[in-house]
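Structure assessment
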Amino acid sequence: MNPILELRDVSAAYGKITVLRGVNVSVMPGQIVALLGPNGAGKTTTLRVACGAHPVSSGQLLLGGRDMTGVSPRDLARIGVCLIPEGRGVFPNLTVRENLVMMTFTGRSIEEIEEVAYTRFPILGKRVSQTAGTMSGGEQQMLALARGLATDPAVLMLDELSMGLAPRIVAELYEHVAEAARQGVAVLVVEQFATAVLHTADHAAVLVRGEIEIEGPPDELGDELASLYLGSA
Ligand code: ATP
């Protein structure tokens, strides 16, 4: 079986500065892959390449085994690649419902989108007319997830889902991510700190200065992860 998402030997740069060097990442349907690493390692750039928002200098982006290098973010979104960016990815001045209405561009009706969102996240059903920016960080992240899942993605990518949230809320959010994976979505998660995601991920890779230093099943990486993080602190 082909991975749904594959970055093959990808290098990428900002101007003359290379920030990714020969990165290989693949995510199978239903799998959760965590991409970890210190500040500035290139994690966000990897996600930007994977959703078509940043060009590769060399290497390939494949979806379901097909070469999609150079395809626009818009076209990749249409075929099921969804990125929830760092900082929630909701419109703070719009209500919950308005944030969901925007996802009708996918062709789904607002009724269908709301049904999925409020069944999965009942708290959002109680906040329909509330302005997103006035909700708690955890609720905003739930809304961001609901918006992402409303597109019925084949690939869901999350950048720093846990940022600024209490561990209990993060665990709850990851339970929703795991549920999406159980339904077959390929999930690629970026986190700077490992603990939150390691309980959920099937595979973890650590990016340091644009290269994957170590990777494997999270429970086999424990000690190496600790030394890498302490080493780069
Ligand atoms: P963080 O956790 O801080 O977001 P990261 O691992 O996601 O870190 P990236 O954001 O991918 O790392 O950044 C990788 C490198 O590229 C960093 O050195 C960063 O300074 C640089 N960089 C990121 N965005 C740009 C940009 N728009 N222009 C120039 N350099 C950039």
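Heads up: the structure comes first, above all this text.
Let me begin by describing the structure that accompanies this report. Keep in mind that this is a model prediction, so the values were computed, not measured.

**Details of the pattern of salt bridges**
- On inspection of all chains with the given rule, the structure shows eight salt bridges.
- Residue Arg108 is joined to Glu112 by a salt bridge in which the shortest nitrogen-to-oxygen separation is 3.9 Å.
- On the basis of relative accessibility, which here comes to 39%, the residue Glu112 falls in the partly exposed class.
- Asp152 is paired through a salt bridge with Arg108; the nearest N and O atoms lie 3.9 Å apart. Of this pair, Asp152 sits in the loop between α6 (137-150) and β7 (155-159) while Arg108 is found in the loop between α3 (96-101) and α4 (110-120), placing the two residues 44 residues apart along the sequence.
- Three or more residues joined by partner-sharing salt bridges are found here, namely Arg108, Glu112 and Asp152.

**Some remarks on the environment of Asn93**
- For Asn93, the location among the structural elements is in the loop between β6 (81-84) and α3.
- You can call Asn93 exposed: its relative accessible area is 69%.
- Along the backbone, Asn93 and Leu161 are 68 residues apart, and their C-alpha atoms lie at a distance of 21 Å.

**Thoughts on the site of the ligand**
- Inspection of the region around the ligand gives 13 residues, with Asn39, Gly40, Lys43, Thr44 and Thr45 positioned closest.
- Interatomic distance of 2.4 Å between a side-chain N/O atom of Asn39 and an oxygen atom of the ligand.
- Within the side chain of Lys43, a nitrogen or oxygen atom sits 2.8 Å from an oxygen atom of the ligand.
- Protein chains bury 57% of the 630 Å² of accessible surface belonging to the ligand in isolation.
- When residues of the shell around the ligand are assigned to their parent elements, the largest contribution, three residues, is made by helix α1 (residues 43-50).

Conventions we followed
Residues numbered from 1 in each chain as written. Predicted model: local features only at pLDDT ≥ 70, side-chain atom pairs only at ≥ 80, totals over all residues. Heavy atoms only, no water. Salt bridge = Lys/Arg side-chain N within 4 Å of Asp/Glu carboxyl O. Buried < 20%, exposed > 50% of the residue type's maximum accessible area, 1.4 Å probe, protein only. Helix = DSSP H or I, 4+ residues; strand = E, 2+ residues; numbered from the N terminus. Near = heavy atom within 4 Å. Polar contact = N/O pair within 3.5 Å; in protein donor to acceptor, adjacent residues only side chain to side chain. Areas by Shrake-Rupley, 256 points an atom, 1.4 Å probe, with all protein chains shown as cover.

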